[in-house]
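# A closer look at the structure
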Amino acid sequence: MQAYEGGCQCGAVRFAANADLSSTVACNCSRCGRLGSILAFTPESEFTLNSGEDSLTEYLFNKHVIHHFFCKVCGIQSFSRASRPDGTKMVALNIRCLDGVDPDAVTPTKYDGKSH
């Protein structure tokens, strides 16, 4: 795991997280596919929201188990929260929102969210 900082486009939402970018996912569900997100997952204990909690808006869809947070100022979704089947709380980081990370430098695993 490596330390990263990131946030939305306007800077209202800022966070720090430890994550392993050697295992990323590109999902084709109706939301991720439209957003073009590339996701890295980290335990909630490795994520700190530094600023912007009051700038976040939540969106739930489909099974309502993933809490998609986006900035109500600029509209960028930089992270989501959910729990694994075993109850472990996780954060899905949109690596396109991590400072200094080149999304072309990772090879995400494709996940067929359309079928699930």
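Before reading further, recall that the structure is shown in the block above.
Note that the structure is a prediction, hence the values are computed from the model and not measured.

### Topic: the overall build of the protein chain
- Secondary structure assignment for the protein chain yields 1 helix and 10 strands.
- For the protein chain, the N- to C-terminal ordering of α and β elements is β-β-β-α-β-β-β-β-β-β-β.
- For the protein chain, the C-alpha atoms occupy an extent of roughly 35 × 30 × 30 Å along the three principal directions.
- By the burial criterion, 38% of the 116 residues in the protein chain qualify as buried.
- Across the protein chain, the fraction of contacts at a sequence separation of at least 24, relative to all contacts at a separation of at least 6, is 54%.
- In the protein chain, the 11 positive side-chain charges and the 12 negative ones have mean positions that sit 9 Å from each other.

### What to know about the nonpolar core
- One finds Phe15, Leu21, Phe47, Phe79, Leu93, Ile95 and Leu98 to be the most contacted residues of the largest nonpolar core, which totals 20 residues.
- Counting only elements with at least two residues in this core, the list comes to strand E2 (14-19), strand E7 (67-71) and strand E9 (89-94).
- If one sorts the elements of this core by residue count, E2 sits on top with 3 residues.
- The next biggest cluster of nonpolar side chains, apart from the first, holds 6 residues, and it includes Cys27, Leu39, Phe61 and Ala92.

### A closer look at the pattern of salt bridges
- Applying the stated rule across the entire model yields 3 salt bridges.
- One salt bridge connects arginine 81 with glutamate 44, and the closest N-O pair in it is separated by 2.8 Å. Note that arginine 81 is positioned in strand E8 (residues 79-83) and glutamate 44 in the loop between strand E4 (39-43) and strand E5 (47-51), a separation of 37 residues in sequence.
- For arginine 81, a relative accessible area of 22% puts it in the partly exposed group.
- Judged by relative accessible area, which is 27%, glutamate 44 ranks as partly exposed.

### Remarks on the sheet that holds E8
- Read across the open sheet, the 7 strands follow the order E6-E7-E8-E9-E4-E3-E10; overall the sheet is mixed. Two strands close off the open sheet at either side, each with one partner strand: strand E6 (56-59) and strand E10 (109-111). Direction aside, neighbouring strands of the sheet carry axes that sit 35° apart on average.
- Sheet topology places E4 next to E9; 5 bridges connect them, and they run antiparallel.

### Some words on the packing of aromatic side chains
- One pass over the structure, following the stated rule, counts 5 aromatic pairs.
- Each ring, one from phenylalanine 15 and one from phenylalanine 79, has its centre 6.0 Å from the other, and the planes form 70°; the classification is edge-to-face. One end of the pair, phenylalanine 15, is in strand E2; the other, phenylalanine 79, is in strand E8, and 64 residues separate them in sequence.
- For phenylalanine 15, a relative accessible area of 1% gives the class buried.
- On the numbers, 5.8 Å between centres and 10° between planes, the contact of tyrosine 59 with phenylalanine 61 is stacked.

### Notes on the state of the cysteines
- What the rule picks out here adds up to 0 disulfides.
- In this model cysteine 71 remains outside any disulfide bridge; the closest cysteine sulfur is found in cysteine 10, 3.8 Å from its own.
- By relative accessible area, which is 1% here, cysteine 71 ends up buried.
- The thiol of cysteine 74 is unpaired, and the distance to the nearest cysteine sulfur, on cysteine 8, comes to 3.8 Å.
- Overall, the relative accessible area of 26% leaves cysteine 74 in the partly exposed class.

The rules behind these values
Residues numbered from 1 in each chain as written. Predicted model: local features only at pLDDT ≥ 70, side-chain atom pairs only at ≥ 80, totals over all residues. Heavy atoms only, no water. Helix = DSSP H or I, 4+ residues; strand = E, 2+ residues; numbered from the N terminus. Buried < 20%, exposed > 50% of the residue type's maximum accessible area, 1.4 Å probe, protein only. Contact = heavy atoms within 4.5 Å. Lys, Arg positive; Asp, Glu negative; His and termini not counted. Charge placed at Lys NZ, Arg CZ, Asp CG, Glu CD. Core = buried A, V, L, I, M, F, W, Y, C linked by side-chain atoms within 4.5 Å. Salt bridge = Lys/Arg side-chain N within 4 Å of Asp/Glu carboxyl O. Pairing = 2+ DSSP bridges. Axes fitted to C-alpha atoms, helices over the stretch in contact; angles between N-to-C directions. Phe/Tyr/Trp six-rings, centres within 6.5 Å; stacked < 30°, edge-to-face > 60°. Disulfide = S-S within 2.5 Å.

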